[in-house]
Amino acid sequence: MAIFEYAICGKTNKLIHIDDVLGGLKCNCVCPGCGDQMVARKGKIKEHHFAHYIVSEKDSCRMTMIHRFFQEYFTVLDFLEIPEIEMIVHDTNISIPRRNLRVLSAQKEIKIGSYRADVLLKTSIGEIIIEICVTHKSTLEKIDYYKINNVAAIEYDFSSYKDRPIEEAITALKYNILKFEWIRYFKNEYYFSKVIKERCYLNKLIKSRTEKIFENDDVSKQLFLPELKHCVEIDYENKAHRLEITLLKRGVSRFEYVCQYFIDGCYVVIYTRKSGFLKVLYLPSGCDIPLGFRKEKNSVLVKTISHAPRVIESSSWLHYAPLQERLSNVHDEVYAKFSHVKKIEFTLSHLVESYLQFNKDEAFGLYYKKWRKWIIKNNMVRKGIGYSIKIPDILKTYKNDASFWMFNSWSIFVLVNLIQIIDQFELGNSISYGEIFKGLSDRFYLNNEYINILKEELECEYISENKKKLIMVPYVIRSMVSGFISHGYIQAFDGYLVKNINLLPLLVCEFHKVNEIKVPSGTGKSIVS
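About the thresholds
Residues numbered from 1 in each chain as written. Predicted model: local features only at pLDDT ≥ 70, side-chain atom pairs only at ≥ 80, totals over all residues. Heavy atoms only, no water. Buried < 20%, exposed > 50% of the residue type's maximum accessible area, 1.4 Å probe, protein only. Helix = DSSP H or I, 4+ residues; strand = E, 2+ residues; numbered from the N terminus. Arc of directions from axis to C-beta. Contact = heavy atoms within 4.5 Å. pLDDT = per-residue confidence, 0-100. Axes fitted to C-alpha atoms, helices over the stretch in contact; angles between N-to-C directions. Parallel < 35°, antiparallel > 145°, perpendicular 65-115°, else oblique. Left-handed = near helix turned anticlockwise from the far one by under 90°. Nonpolar A, V, L, I, M, F, W, Y, C, P; charged D, E, K, R; others polar. Pairing = 2+ DSSP bridges. Patch = residues over 30% accessible without salt bridge, like charges linked within 9 Å, V, L, I, M, F, W, Y side chains within 5 Å. Areas by Shrake-Rupley, 256 points an atom, 1.4 Å probe, with all protein chains shown as cover. Salt bridge = Lys/Arg side-chain N within 4 Å of Asp/Glu carboxyl O.

Q: Give me helix α11 (residues 433-443): which residues, what numbers.
A: When α11 is considered as a whole, its buried residues turn out to be Tyr433, Ile436, Phe437, Gly439 and Leu440. Looking straight down α11, one finds its buried side chains confined to an arc of 155°; they lie on one side. In α11, those exposed residues whose orientation departs by more than 90 degrees from the buried face are Lys438 and Asp442. Taken together, the buried residues of α11 touch α10 (411-422), β23 (430-432), α12 (448-455), α14 (473-480), β24 (490-492) and β25 (496-499).

What follows is the structure, encoded as C-alpha cells:
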C-alpha cells in the first residue's frame, strides 16, 4: 500500500507534503478524510509518511487525500493541457487535437445548478469543469445537467492510483496517459454549425463536379481508378514472407455508358461496360458510408471531397467485385515472381561484391587521371597543383557504396559527375530521378547485367529493401546522394529531388580545405546562393 504523503496543515488548512513538516506531532496536521490528528513519521529506516495518531487509517482517508490533492493541483495551474477529442456531428467525424490553455482563474467546490463541481477553471477559451474520480464517477443526473446546459466538463479517473504514489498520477496526467472522459467539449454548438455549413458547401461542390462529368460525352466515359493492394503470404526456402502486392494498377479506364442518380443523400455515378459496372460514391470528408453501399456486391469506388486548405479529391476502393476471382490464382503468380526476383538478387549480390572489390583495388588507378583532369577543368583546385589531390570527406564516404555498381567506374568519379548534372538545374526546382540517371548513363556506359535487369521490369514490392538501391532508379539516385541529403543540401521526395544550395561551389570549398588552398573571396557566399 502506498504511503500517506499529504495531510492538512493546521495553520493554512491546505495540504502539505511530509517532507515540508516537522517530525512527530509537531507537524500540526490532520487527516483530510476523518480529521484525526496526524503523526509525521520521519525515521531513518522507513520512507517518510503521515500516520493517524488516535484512530486507524481507513481506505476513505487516502481516497479523500488524493481527491483533495488534485483539487488543489488544478487550481494552481498556469496552463491546462486538455486532451484530444473525437466527436460525431451529423455523421461527420471531427478530431480536435490536444490544446494548451492559459488558466485565468480557478475555484474549487463550486456550485453549478444543484450540483457541486470539484474544480471550475476560467481559461483563455472559456470555462471548464474538472471532475476528479477516485472512487465514484459523476452521477448520470450531473452529466445530463452539464450536457443540457452546455457546460464544458471533463472527468479524470484516478481510481487506478489509489495504492500508488501521487507522483505517478501526476506523471500520467502530464503525459496524457491518465484515463479521462469528456462529458462535454467547449462550445459544441460552434462545431455543429461548422459541420452543417461545410456539409452544404461540399454537397454543392460534389453536385457541380458530378454535373461536369456529363458536359463532354467522351471525357465522361473515362475514369481514373486508384490502385488496389492486397497482402499475400508465401513460404520461400522455409521462410515466411508477407508481401503487399498490387492487384490493380492505378490509371484511366474507359466505359461505354455513364449515368447519375441521388440516393440516401449521396451523389452516385454509375459506369458501365460489357465486363460489368462500377458505382462511384461521392462523399464529403468525414461522412460515414451508407449501409446500403457497404452491403453492395458490385464494385464500389468512394471519392471523398475535402477543402482544407484547398479542394482535394481522394479515391479508395470500398469493394472490388473481381477480387475473389483474382485471388484464386494470385498465390502461384506471386510465388513465381518472388522466386524469380530472389534469383536475380542472388546474382546481383555477386555482381555488387565484384564491383566493390574493383572499386577498392583497381578503379582508382584506372580513373584517377580522368578524375584529376575533371577536377582541374571544373576549377575544384588550381592548375599548378601537384599530381596527388586529396579527396574531401564528403566524397570519401561513398568509396564503399554499392549503388554505383552499374556504371563500372570509380564511385567518386561518378559522384562528381552526378553533382555537376544536378547543379545544371535551378535552385528549388524539382529534378526527376529519371533525368539525373539519363544524364549519368550518357556519360558512363551502363553495365550489361544491369541493362538486362532493367528489361525484366521487376515490380518494386517483390524486391528486398536493401536491394532496391541497386536496382530501382529513384532508390539508386537517393543512395548516391544520401550524404548530401543528410546534410540538408538536397531534399528527396518520391519522384524527384530539390536542390537547396549549389553543390559545385560547396565542393570547391571542400577541395580547397583539404588541399590547404586559400578559398577565394566570394566562393563561400555561393554555397548558400
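Q: Break down the confidence of the model for the protein for me, citing the residues and quoting the values.
A: Of the residues in the protein, 96% have a pLDDT of 70 or more, and the chain-wide mean is 86. Per-element confidence in the protein ranges from a low mean pLDDT of 37 for helix α17 (residues 523-527) to a high of 95 for strand β12 (residues 153-157). Taken together, the stretch residues 522-529 has pLDDT below 50 and engages in 15 contacts with residues farther than four places along the chain or on a different chain.

Q: Tell me what's going on with the packing of helix α8 (residues 363-377) against α10, and back it up with residues and numbers.
A: The description of two helices packed together rests on the angle between their axes and the distance between the axes. Across the interface, α8 lies against α10 with an axial gap of 10 Å and an inter-helix angle of 25°. Between α8 and α10, the angle falls in the class roughly parallel. The element α8 and its partner α10 pack so that their crossing is left-handed. Every residue of α10 that contacts α8 at Tyr367, Lys370, Trp371 and Trp374 is listed here: Ile412, Phe413, Val416, Asn417 and Gln420. Across the contact of α8 with α10, the residue classes break down as 6 nonpolar, 2 polar and 1 charged.

Q: Tell me what's going on with the sheet that holds strand β6 (residues 79-82), and back it up with residues and numbers.
A: Overall, mixed pairing links the 6 strands, which are arranged β6-β9-β10-β11-β12-β13 in an open sheet. Edge positions in the sheet fall to β6 and β13 (180-184), since each of these pairs with one other strand and no more. Taken over all neighbouring pairs, the strand axes of this sheet differ in orientation by 40° on average, direction set aside. Alignment of β12 against β13, held across 4 bridges, turns out to be antiparallel. Across the sheet, Ile154 pairs through a bridge with Trp182, a residue of β13.

Q: Quick one: what's the story with the sheet that holds strand β5 (residues 49-52), residue by residue and with numbers?
A: Strand order in the open sheet made by the 5 strands is β2-β1-β3-β4-β5, with antiparallel pairing throughout. A single partner strand is all that each edge strand has here, and the edge strands are β2 (15-17) and β5. Along the sheet, successive strands turn relative to each other by an average axial angle of 55°, direction set aside. Of the strand pairs in this sheet, strand β3 (residues 24-30) and strand β4 (residues 37-41) are connected by 3 bridges, and their pairing is antiparallel. The partner of Gly24 across the bridge, within β4, is Ala40. Strands in contact with helix α1 (residues 59-75) are β1 (6-9), β2 and β5; relative to β2, the strand with the most contacts, it is inclined by about 100°.

Q: Help me get a handle on a nonpolar patch on the surface, residues and values and all.
A: Residues Leu25, Tyr53, Ile54 and Val55 make up a contiguous nonpolar surface patch of roughly 390 Å² in combined accessible area. When you line up the elements, Ile54 lands in the loop between β5 and α1.

Q: I'd like to hear about the side chain of Ser220, residue by residue, with values.
A: Of note, Ser220 is situated in helix α5 (residues 217-220). Once residues lying within four places of it in the same chain are set aside, the contact partners of Ser220 are Ile213, Phe214, Val258 and Tyr271.

Q: How would you summarise the packing of α11 against α14 if you had to cite specific residues and measurements?
A: One way to put it is that α11 packs onto α14 with a least axis distance of 9 Å and a crossing angle of 75°. By the criterion of interaxial angle, the relationship of α11 to α14 is roughly perpendicular. Contact residues: α11 offers Tyr433, Gly434, Ile436, Phe437 and Leu440, while α14 offers Val473, Pro474, Val476, Ile477, Arg478 and Met480.

Q: Let's hear about the environment of Gly483: which residues, and what values?
A: If you trace the backbone, Gly483 turns up in helix α15 (residues 482-486). With relative accessibility at 16%, the residue Gly483 sits in the buried group. Spatially, the C-alpha atom of Gly483 lies 7.9 Å from that of Thr397, the residues being 86 residues apart in sequence.

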